[in-house]
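Chain and residue survey
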Amino acid sequence: MPELGEDIEKATVACFHYNIGDHVNADDDIVEVVTDKATFNVPTNVSGDISNILVAVGQEIEVGQVIACIDEEKNYESEIQ
Amino acid sequence: MNCKVIDLGIIDYKEAYALQQKYAKEVLDGSDQVLILCEHPTVLTMGRLAKESNVLYSKDKLKEIGVDVLGIDRGGDVTLHAKGQLVAYPILNLANYGKDLRKYLFKLEQVVIDLLSDFDIVANRLSGKTGAWVGDKKIASIGIGVRKWVSIHGLALNVNTDLNHFAMINPCGLNVSMTSVSQVLGRDIEINEVKQVLIDCFCSQFGMKKGQ
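Residues numbered from 1 in each chain as written. Chains lettered and ligands numbered in written order. Predicted model: local features only at pLDDT ≥ 70, side-chain atom pairs only at ≥ 80, totals over all residues. Heavy atoms only, no water.

Looking at the overall build of chain A
A count of helical and extended segments in chain A gives zero helices and eight strands. Along chain A, helices and strands appear, N-terminal first, in the series β-β-β-β-β-β-β-β. Whereas a compact globule of 81 residues would reach a radius of gyration of roughly 12 Å, chain A reaches 12 Å, a difference of no more than 12%. Referenced to the eigenvectors of the C-alpha coordinate spread, the extents of chain A come out at roughly 35 × 20 × 15 Å. By the burial criterion, 46% of the 81 residues in chain A qualify as buried. Of the contacts made within chain A by residues no fewer than 6 positions apart, 45% connect residues no fewer than 24 positions apart. Accessible surface, chain A as shown: approximately 3,900 Å² in total, 39% of it carbon and sulfur. (Helix = DSSP H or I, 4+ residues; strand = E, 2+ residues; numbered from the N terminus. Rg over C-alpha atoms; globule rule 2.2 N^0.38 Å. Buried < 20%, exposed > 50% of the residue type's maximum accessible area, 1.4 Å probe, protein only. Contact = heavy atoms within 4.5 Å. Areas by Shrake-Rupley, 256 points an atom, 1.4 Å probe, with all protein chains shown as cover.)

Concerning the interface of chain B and chain A
A common way to report how large an interface is uses the accessible area buried once the components associate. Counting from both sides, the interface comprises 23 residues of chain B and, opposite them, 22 residues of chain A. Buried area between chain B and chain A, both sides added, is near 1,800 Å², and the carbon and sulfur share of it is 51%. Looking only at chain B, the three residues that lose the most surface to chain A are Leu101(B), Arg102(B) and Lys148(B), adding up to 29% of its buried area. At the boundary of chain B with chain A, the tally comes to four salt bridges. Arg147(B) serves as the salt-bridge partner of Asp29(A), at 3.4 Å between the closest nitrogen and oxygen. Of all the secondary structure elements, the ones that give two or more residues to the side of chain B that touches chain A are α3 (101-118) and β9 (137-147) of chain B. It is β9(B) that provides the largest number of residues to the side of chain B that touches chain A, a total of seven residues. Looking at side-chain class alone, the side of chain B that touches chain A contains eight nonpolar, five polar and 10 charged residues. (Buried area = accessible area lost by both parts, 1.4 Å probe. Salt bridge = Lys/Arg side-chain N within 4 Å of Asp/Glu carboxyl O. Nonpolar A, V, L, I, M, F, W, Y, C, P; charged D, E, K, R; others polar.)

Focus on the packing of aromatic side chains
All names here are of chain B. One pass over the structure, following the stated rule, counts four aromatic pairs over all chains. Measuring from centroid to centroid gives 5.2 Å for Tyr 97 and Phe 206, while their planes differ by 85°, and the two rings are edge-to-face. In this pair, Tyr 97 sits in the loop between β6 (85-91) and α3 while Phe 206 sits in the loop between α5 (191-205) and β11 (209-210), placing the two residues 109 residues apart along the sequence. Using a relative accessible area of 18% as the deciding quantity, one classes Tyr 97 as buried. Between the NZ or CZ atom of Lys 107 and the centre of the ring of Phe 206, over which it lies, the distance is 5.3 Å. Geometry around Phe 106 places Arg 125 over its ring, the cationic atom sitting 3.5 Å from the centre. (Phe/Tyr/Trp six-rings, centres within 6.5 Å; stacked < 30°, edge-to-face > 60°. Lys NZ or Arg CZ within 6 Å of the ring centre and 35° of its normal.)

Regarding the environment of Asp188(B)
Residues and elements named next belong to chain B. Mapped onto the elements, Asp 188 comes out in the loop between α4 (181-185) and α5. Residues Asp 188 and Asp 114, spaced 74 residues apart in sequence, show a C-alpha to C-alpha distance of 20 Å. Not counting residues within four places of it along the chain, the set of residues in contact with Asp 188 comprises Asn 160, Ser 182 and Glu 193.

Quick look at unusual backbone geometry
Residue and element names in this part refer to chain A. Backbone geometry at Asp 7 places phi at a positive 70°, although glycine is not the residue there. Despite not being glycine, Asp 27 shows a phi value in the positive range, around 85°. Residue position: Asp 27 is located in the loop between β2 (23-24) and β3 (29-34). Residue classification places Asp 27 among the partly exposed positions, given a relative accessible area of 46%.

As for the nonpolar core
Residues and elements named next belong to chain B. One finds Leu 101, Leu 115, Leu 116, Leu 157, Leu 198, Phe 202 and Phe 206 to be the most contacted residues of the largest nonpolar core, which totals 63 residues. Broken down by element, this core gets its largest block of residues, nine residues, from α3. Apart from the residues lying within four places of it in its own chain, the contact partners of Leu 157 are Gly 84, Gln 85, Leu 86, Val 112, Leu 115, Leu 116, Ile 139, Ala 140, Val 181 and Val 194. Of all hydrophobic cores here, the second largest spans 19 residues; its members include Ala 24, Val 34, Leu 70 and Tyr 89. (Core = buried A, V, L, I, M, F, W, Y, C linked by side-chain atoms within 4.5 Å.)

Concerning the pattern of salt bridges
With the rule as written, the count across this model stands at nine salt bridges over all chains. We note a salt bridge from Lys103(B) to Glu6(A), for which the minimum N-O separation is 3.3 Å. Separated into two different chains, Lys103(B) in helix α3 and Glu6(A) in the segment before β1 (10-16) make up a pair that spans both. A salt bridge links Lys25(B) to Asp29(B); its shortest N-O distance comes to 3.6 Å. Residues Lys25(B) and Asp29(B) agree in their burial class; the two are exposed. Connected via shared salt-bridge partners are Asp29(A), Arg147(B) and Lys148(B).

This is the structure:
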């Protein structure tokens, strides 16, 4: 999960916009997280197929935590934080 | 920076939401940032953390009185919108303000506090309870949604709202009483009296000038 601001260390997973196996393009929002009063959509910075999702809806996650893995078109895996 | 101020008057919630999406795309593409002002006919909106138990009326009762309950992509719990409540939806690129959700919420609170100060009302923050408060009563609710660091949703300030409407909900899940500008001042204040002050306080807080 990316940094969302000073003093924000955690957020809760609200929903996924894609599932495992879906193709995503760089800059697509793949997951929405929520703090107490704000939702934030987390984009991927690479294109490829989502090979794994490592967090669940309702789960509290920390800044820097890996959310999903994407099998890039260049055939190596990237982790989306 | 210029701020494009768009006054939609009284508008259905879903229509205003569609316009927020439209302007968010334009702001992301580099257009001037936008401040949408409006009022909504009575509606309940459920933020991502909303608990159904905080809606106190039954679904049948809400249907009978014609009040929709909408699930939406903002933070926070249940909120009520109704006529007499000034709603402000800033469509801002938060990259201009340090990409910090908490600081942005703090600045929105400050807009309301400054605005109310213009009416000689002392409003405060309450620790851990985002919004603006007069004593222990809530006068403005705040909740935002952010995509590509562009904000939608915003703040709702009770100006001359019929506060009886709030019996439908447990506002923000907090078991609090709501108040309004009119109630605090003990006289009827019209939305239009508040709009220009809000625009001025908003532009000042976010370092913008009102554009065309």
